[in-house]
Amino acid sequence: GGCSRLNIAIRRLTENRIWLDTVKARDGRCLICGAIERLEAHHIVPLARLVSRHGIINREQAREFATLWDLTNGMTVCIGCHYKIHGRKYED
């Protein structure tokens, strides 16, 4: 997922918060296991990859780049499934 300064800055944008909330509201449950608690929105194509692929170099470009906020690039997962997707071990 990348933790560059730009990636962090993009994740702090209002547009990102709206994207996250909208994806979770649309799905309402983890699309992998069906859980309804501790839900997160997951980028199917990672945000960092989109930023790199499209040459986005600042928050303003990110804010205006509609592809970053495309709801079809999101799915709702519970925190445990999200960790698994990213190959990390989740300990509750």
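Scroll up to find the structure this text is about.
Rules behind the numbers
Numbers given to residues run from 1 along each chain, matching the order in which its sequence is written. Predicted model: local features are reported for residues with pLDDT of at least 70 only, side-chain atom pairs are reported and counted for 80 or more only, and whole-chain, interface and lining totals are derived from all residues. Values shown for side chains rest on all heavy atoms present in the structure; no hydrogens or waters enter the calculation. Helix and strand assignments follow DSSP, with helices taken as H or I runs no shorter than four residues and strands as E runs no shorter than two, numbered in order from the N terminus. Using C-alpha atoms as the atom set, the radius of gyration is obtained and then compared with a globule rule of 2.2 Å times the number of residues to the power 0.38. Exposure categories follow from relative accessible area, calculated using a 1.4 Å probe and restricted to protein chains: below 20% of the type maximum is buried, above 50% is exposed, and the middle band is partly exposed. Contacts are residue-level and defined by heavy atoms, with any inter-residue pair within 4.5 Å sufficient. Methods summary: accessible areas were calculated by the Shrake-Rupley approach with a probe of 1.4 Å, and residue burial reflects only the protein chains presented. By the counting rule applied here, Lys and Arg register as positive and Asp and Glu as negative, while His and the ends of each chain are not counted. Where a charge lies is defined by one atom per residue type: Lys uses NZ, Arg uses CZ, Asp uses CG and Glu uses CD. The salt bridge definition used is simple: a Lys or Arg side-chain nitrogen within 4 Å of an Asp or Glu carboxyl oxygen. Throughout this description, a polar contact denotes any pair of N or O atoms lying within 3.5 Å of each other; where both atoms belong to protein, one of them has to be capable of donating a hydrogen while the other can accept it, and for residues adjacent in sequence the pair is counted only when both atoms sit in side chains. Helix span is expected to be 1.5 Å times the residue number reduced by one. We define a nonpolar core as any set of buried Ala, Val, Leu, Ile, Met, Phe, Trp, Tyr and Cys residues linked to one another through side-chain atoms lying within 4.5 Å.

## Thoughts on the overall build of the protein chain
Along the protein chain, the regular secondary structure elements total five helices and two strands. When the elements of the protein chain are put in sequence order from the N terminus, they spell out α-α-β-α-α-β-α. In terms of overall size, the protein chain behaves like a compact globule, its C-alpha atoms giving a radius of gyration of 13 Å where 92 residues would be expected to give roughly 12 Å. When its C-alpha atoms are laid out on the principal axes, the protein chain stretches across 35 × 25 × 20 Å. Taken across its 92 residues, the protein chain has 35% of its residues classed as buried. Taking all contacts inside the protein chain whose residues are at least 6 apart in sequence as the whole, residues at least 24 apart take part in 71%. Taken as a whole, the protein chain presents about 5,900 Å² of accessible surface, with 52% of it coming from carbon and sulfur. Computing the positive centroid from 15 side-chain charges and the negative centroid from 10, the protein chain places the two 5 Å apart.

## Details of the pattern of salt bridges
In this structure the tally under the stated criterion is three salt bridges. Of the charged contacts, one joins Arg63 and Glu15 as a salt bridge, the two residues approaching to 2.9 Å between their closest N and O atoms. In this pair, Arg63 is assigned in helix 4 (residues 59-64) and Glu15 in helix 2 (residues 14-27), connecting sequence segments 48 residues apart. Since its relative accessible area comes to 23%, Glu15 is described here as partly exposed. Here Arg26 makes a salt bridge to Asp27, at a shortest N to O gap of 2.8 Å. In this structure Arg26 comes out as partly exposed when scored by relative accessible area, which is 42%.

## Details of the side chain of Asn73
Relative to the assigned elements, Asn73 resides in the loop between helix 4 and strand 2 (74-78). Since its relative accessible area comes to 8%, Asn73 is described here as buried. Engagement of the side chain of Asn73 in a polar contact is seen with the backbone nitrogen of Val45, the distance being 2.6 Å.

## Describing helix 2
When the terminal C-alpha atoms of helix 2 are compared, their 20 Å separation across 14 residues agrees well with the 20 Å that a helix rising 1.5 Å per residue should span. If you follow the buried residues of helix 2, they end up packed against helix 1 (5-11), strand 1 (39-43) and strand 2. Trailing helix 2 by a residue or two, Gly28 shows a phi angle of about 75°, which is positive.

## Thoughts on the nonpolar core
In this structure, Ile10, Trp19, Val51, Ala62, Leu68 and Trp69 are the most contacted members of the largest nonpolar core, which totals 14 residues. Sorting the residues of this core by element identifies helix 1, helix 2 and helix 3 (47-53) as the ones contributing at least two each. Dropping the residues within four chain positions of it, Trp19 is found in contact with Ala41, His42, His43, Leu68, Trp69, Asp70, Leu71, Asn73 and Gly74.

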